[in-house]
Amino acid sequence: MEAGLGRILAVHSSELPPVVGPVHSARETDLELLRRFDRPTLAFSGARAKPFPAIEAAPLNPLPPTKGPNAYFRGSDRAAPHNLCLRPGKTPHTTTGANAAEDIGLRFAAPPPGGRPLAGHTVRYQAARSTFAWYADRHRWLVDMDGTPARAADGARLGAADVVVQYVTVRPSLYRDRWGSTSPYTETVGSGSALVLRNGRGYDVGWSRRTAESGTSFTTRDGKQTTFAPGRVRIVFAPK
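What counts and how
Residues numbered from 1 in each chain as written. Predicted model: local features only at pLDDT ≥ 70, side-chain atom pairs only at ≥ 80, totals over all residues. Heavy atoms only, no water. Helix = DSSP H or I, 4+ residues; strand = E, 2+ residues; numbered from the N terminus. Rg over C-alpha atoms; globule rule 2.2 N^0.38 Å. Buried < 20%, exposed > 50% of the residue type's maximum accessible area, 1.4 Å probe, protein only. Areas by Shrake-Rupley, 256 points an atom, 1.4 Å probe, with all protein chains shown as cover. Lys, Arg positive; Asp, Glu negative; His and termini not counted. Charge placed at Lys NZ, Arg CZ, Asp CG, Glu CD. Core = buried A, V, L, I, M, F, W, Y, C linked by side-chain atoms within 4.5 Å. Contact = heavy atoms within 4.5 Å. Phe/Tyr/Trp six-rings, centres within 6.5 Å; stacked < 30°, edge-to-face > 60°. Lys NZ or Arg CZ within 6 Å of the ring centre and 35° of its normal. Polar contact = N/O pair within 3.5 Å; in protein donor to acceptor, adjacent residues only side chain to side chain. Salt bridge = Lys/Arg side-chain N within 4 Å of Asp/Glu carboxyl O.

J.: Report on the overall build of the protein, specifying residues and quantitative values.
T.: For the protein, the count of helices and strands is three helices and 18 strands. Taken over the C-alpha trace, the protein has a radius of gyration of 18 Å; the compact-globule value for 240 residues is 18 Å, and the two agree within 12%. Structurally, the protein occupies a C-alpha span of about 50 × 40 × 35 Å along its principal axes. Taking all 240 residues of the protein together, the buried fraction comes to 38%. Carbon together with sulfur atoms contributes 51% to the accessible area of the protein, which is approximately 13400 Å² in total. Mean positive and mean negative side-chain charge positions of the protein (32 and 20 charges, respectively) differ by 3 Å.

J.: An account of the nonpolar core is needed here, citing residue identities and associated values.
T.: Ranked by internal contacts, the top residues of the largest apolar core, which has 21 residues, are Leu42 and Phe218. The element best represented in this core is strand E15 (residues 201–209), accounting for three residues. Not counting chain neighbours up to four residues away, the residues in contact with phenylalanine 218 comprise Leu106, Val164, Gln166, Ala194, Val205, Gly206, Trp207, Lys224, Gln225, Thr226 and Phe228.

J.: Break down the packing of aromatic side chains for me, with residues and values.
T.: Tallied over the full model, the rule gives four aromatic pairs. Centroid distance tryptophan 134 to tryptophan 141: 5.2 Å. Interplanar angle 50 degrees. Geometry classified as tilted. This pair shows no difference in class: tryptophan 134 is buried, exactly as tryptophan 141 is. Judged by centre distance (6.1 Å) and plane angle (85 degrees), the ring pair of phenylalanine 218 and phenylalanine 228 falls under edge-to-face. You can see phenylalanine 218 sitting in strand E16 (residues 217–219) and its partner phenylalanine 228 sitting in strand E17 (residues 227–228), a full 10 residues away along the chain. Of the residues examined, phenylalanine 218 reaches a relative accessible area of 3% and is grouped as buried. Look at phenylalanine 228 and you get buried, because its relative accessible area is 0%. One aromatic cluster is present, built from ring pairs that chain together Phe108, Phe218 and Phe228. It is arginine 87 that lies over the ring of phenylalanine 73; its NZ or CZ is 4.0 Å from the centre. Arginine 138 extends its terminal NZ or CZ atom over the ring of tyrosine 135, reaching a point 5.8 Å from the ring centre.

J.: So what about the environment of alanine 212? Which residues, and what values?
T.: Considering the arrangement of structural elements, one finds alanine 212 in the loop between E15 and E16. Taking relative accessible area as the criterion, alanine 212 reaches 13% and is therefore assigned buried. Expressed as a C-alpha distance, the spacing of alanine 212 and glycine 21, which sit 191 residues apart in the sequence, is 26 Å. Not counting chain neighbours up to four residues away, the residues in contact with alanine 212 comprise Glu32, Arg35, Arg36 and Val189.

J.: Break down the environment of threonine 91 for me, with residues and values.
T.: In this fold, threonine 91 is placed in the loop between strand E4 (84–86) and helix H3 (100–103). For the pair formed by threonine 91 and leucine 63, sequence separation is 28 residues and the distance between their alpha carbons is 8.2 Å. When sequence neighbours within four positions are dropped, the list of residues in contact with threonine 91 reads Leu63, Ala71 and Leu86. One polar contact links the side chain of threonine 91 to the main-chain carbonyl oxygen of proline 88, over a distance of 3.0 Å.

J.: Residues and numbers for the pattern of salt bridges, please.
T.: Throughout the structure, instances matching the rule amount to seven salt bridges. The salt bridge involving arginine 27 is made with glutamate 2; its shortest N-O contact spans 3.0 Å. Placement of the pair is arginine 27 in the segment before helix H1 (28–34) and glutamate 2 in the segment before H1, with a sequence separation of 25 residues. Owing to a relative accessible area of 4%, glutamate 2 belongs among the buried residues under this scheme. The salt bridge partner of arginine 116 is aspartate 204, with a shortest N-O separation of 2.9 Å. Of the two residues, arginine 116 sits in strand E6 (residues 116–117) while aspartate 204 sits in strand E15, which places them 88 residues apart along the sequence. Within this structure, Arg116, Asp204 and Arg221 form a network of salt bridges that share partners.

Written as structure tokens, this is what we have:
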């Protein structure tokens, strides 16, 4: 996002946590990312006036606090505006119970042959970095953000069974933030290269997404579909 910082767009489908947060504002990139799902609910704190018509016209259910006042609350463990949280079970929209990751084309099966041993990997932005380290005893890649372990509200380390570092084009969007900085736009339709982290190994693969409505396919060098370990998948968009 602006100033070289990173943002997280979390997708919950088959299981809804009791609370998620902090909830922040929406960006133009979010709309293209969510086109691959069937009218998802987008929870966000707000947006600048200019992007609002695009959000309202997108094939999703926008849910700012004004549309779901009973679902949002302010937590006491953070300072405003970083304390807005959401109770997904109290939103006007219900989950279908489907596995959204499978719906967008990800397949979970035994690992492909090849790859190289990889204990960790860092993705760097202008003013932020995310590091993923493999912990074999937990069968997970644990996350450090800006050199600090990323944790859930209960103190547990955040991690993922798979990490996909997808190299994309990042260009200026049509909008600016309140301080005049241009919001970046991440192009996720097209093709390019990616690095898949799985089971302590790194796999160099290709990615392709034909339209905003379609999912992204990841394929090995011999053209076979890349498979993933069951569990959470964290996709990181890194500038080419």
